[in-house]
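Architecture and fold: a report
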Amino acid sequence: MAKISFFEKIKNGLTKTRNALTKNLDNLIFGRRVLDKELFDELEELLISADMGPQFTCDLIDDVKQRVSRNELQNAQEIKKILQERMIAILQKMEKPLSIPKGKPFIIMTIGVNGSGKTTTIGKLANSLKSDGYEVMLVAADTFRAAAVEQLEVWGQRVGAPVIKQKTNADPAAVVFDAMAKIKAGYSGVVIVDTAGRLHTSVNLMEELKKIKRIINKEMPELSPEILLILDATTGQNAVVQAKTFKEEIGATGIVLTKLDGTSKGGVVVRIASELALPVRYIGVGEGLDDLRVFDSGNFTKALLD
Ligand SMILES: Nc1nc2c(ncn2[C@@H]2O[C@H](COP(=O)(O)OP(=O)(O)OP(=O)(O)O)[C@@H](O)[C@H]2O)c(=O)[nH]1
Ligand SMILES: [Mg+2]
């Protein structure tokens, strides 16, 4: 079977969003001669239902209206080009791939609500880092959910990465402390910390995560850890609310948007980009080992709109 390209993989993953957004947009503008209120209203509904967010939608519609009033817009087809340009402008700002040094320790701590895809993302990320020649160690700091440690161990075995662990219900910060001791003893690979998920409103979860972060900073003050917020794209607008809470409480440094393959609301990336000044490091487009992609604004926009 021919190996599908990087771009095809993203494009396939975004099929649901593309169908909801582009097909409907094409239907909306095809053969349309009058650029009137009805068209603007339908356009607004379409962008909102793809979860692009009110800010992006309003700005875009204002832009279109202004161009119409200045006679700069000849036909409805040009709206697609404007949408594309505005999406790229916003998403480009969020395109800052994670730069991981080789031969030096680097810590990635994942955070996010339960089921957002933290552990799976860790497995995929570890796989991709290993194939890029990095050493990777996983840290089972989700001691809350039964079987969480085993789940991480399965990924560790699949990708060939050791897992630092203690028993279920152990203090997660103590597991992280063990991992920091390995770094102090000379480990120089990428250390990825799996954490527990609960609701973003859980005070216990926030305290637990803060404690883990404190241990990392205290033990390894010279390293700046990547705090990777894992968000489930299928939760659309709710993902934005969660992102804000985690950003304020813990201080995320980057985002992974997972399950883009399972949603017609992939436009939420645009909303997250315009409402949270955080780089989108990776996107998840499936459950397999190979289904994590570095976020690329050009490819993403093309995969959505072409
Ligand atoms: N389709 C799809 N499924 C995904 C993706 N990422 C994760 N999943 C699935 O989402 C479910 C939850 O993923 P986990 O990695 O266990 O999520 P978690 O955040 O670690 O969950 P807790 O440990 O309970 O907090 C699993 O069934 C994964 O296979 C993705 O990009 N696409
Ligand atoms: Mg997990």
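Everything here concerns the structure above.
My aim in this report is to walk through the structure given alongside it, one point at a time. Worth saying up front: this structure is predicted, and the values here are computed from it rather than measured. (Residues numbered from 1 in each chain as written. Chains lettered and ligands numbered in written order. Predicted model: local features only at pLDDT ≥ 70, side-chain atom pairs only at ≥ 80, totals over all residues. Heavy atoms only, no water.)

Next up on the list: the packing of aromatic side chains. Applying the stated criterion across every chain yields a total of 1 aromatic pair. Directly above the aromatic system of Tyr134 lies the positively charged group of Lys102, at a separation of 4.7 Å from the ring centroid. The residue whose ring lies beneath Arg198 is Phe144, and the NZ or CZ to ring-centre distance is 3.8 Å. (Phe/Tyr/Trp six-rings, centres within 6.5 Å; stacked < 30°, edge-to-face > 60°. Lys NZ or Arg CZ within 6 Å of the ring centre and 35° of its normal.)

Side chains of residues three or four places apart in an α-helix project in the same direction, reflecting 3.6 residues per turn. The first and last C-alpha atoms of helix 2 (residues 15-29) sit 20 Å apart over 15 residues, in line with the 21 Å expected at 1.5 Å per residue. For helix 2, the set of buried residues is Thr17, Arg18, Leu21, Thr22, Leu25, Leu28 and Ile29. The buried residues of helix 2 occupy an angular sector of 140° when projected down its axis, which confines them to one face. Of the exposed residues in helix 2, those oriented more than 90 degrees away from the buried face are Lys23 and Asn27. (Helix = DSSP H or I, 4+ residues; strand = E, 2+ residues; numbered from the N terminus. Expected span 1.5 Å × (residues − 1). Buried < 20%, exposed > 50% of the residue type's maximum accessible area, 1.4 Å probe, protein only. Arc of directions from axis to C-beta.)

As a matter of local geometry, ligand 1 sits amid 19 residues, with Lys118, Thr119, Thr120, Asp261 and Glu287 nearest to it. Within the side chain of Lys124, a nitrogen or oxygen atom sits 3.3 Å from an oxygen atom of ligand 1. One of the backbone nitrogen or oxygen atoms of Lys259 is found 3.0 Å away from an oxygen atom of ligand 1. Taken by itself ligand 1 offers 660 Å² of open surface, and the protein chains cover 80% of this. With 4 residues, helix 6 (residues 118-131) is the largest single contributor of residues to the shell around ligand 1. (Near = heavy atom within 4 Å. Polar contact = N/O pair within 3.5 Å; in protein donor to acceptor, adjacent residues only side chain to side chain. Areas by Shrake-Rupley, 256 points an atom, 1.4 Å probe, with all protein chains shown as cover.)

Let us now look at the pattern of salt bridges. Applying the stated criterion across every chain, the model contains 16 salt bridges. Between Asp171 and Lys211 there is a salt bridge, and its shortest N-O distance comes to 2.8 Å. You can see Asp171 sitting in the loop between strand 3 (163-164) and helix 8 (172-184) and its partner Lys211 sitting in helix 9 (residues 203-219), a full 40 residues away along the chain. Take Asp171: its relative accessible area is 35%, and that puts it in the partly exposed class. When salt bridges with common partners are traced through the structure, they connect Asp63, Arg67 and Arg86 into a single cluster. (Salt bridge = Lys/Arg side-chain N within 4 Å of Asp/Glu carboxyl O.)

So, on to the side chain of Thr258. Relative to the helices and strands, Thr258 is located in strand 6 (residues 254-258). On the basis of relative accessible area, Thr258 is assigned to the buried category, the value being 4%. Polar contacts involving the side chain of Thr258 include one to the main-chain carbonyl oxygen of Ser116, which spans 2.7 Å. Contacts of Thr258, omitting those with residues within four sequence positions, involve Ser116, Gly117, Thr121, Ile230, Leu231, Asp232, Ala233 and Gly284. (Contact = heavy atoms within 4.5 Å.)

This paragraph deals with the sheet that holds strand 6. Spatial strand order, 3-2-4-1-5-6-7-8: 8 strands in an open sheet with mixed pairing. Only two strands of the sheet have a single neighbouring strand rather than two, namely strand 3 and strand 8 (292-294). Pairing of strand 1 (residues 106-111) with strand 4 (residues 190-195) involves 4 bridges; the strand directions are parallel. Among the inter-strand pairings, Ile108 is bridged to a residue of strand 4, identified as Ile192. Its contacts with the sheet place helix 10 (residues 237-249) against strand 1 and strand 5 (226-232), and it is angled at close to 160° to strand 5. (Pairing = 2+ DSSP bridges. Axes fitted to C-alpha atoms, helices over the stretch in contact; angles between N-to-C directions.)

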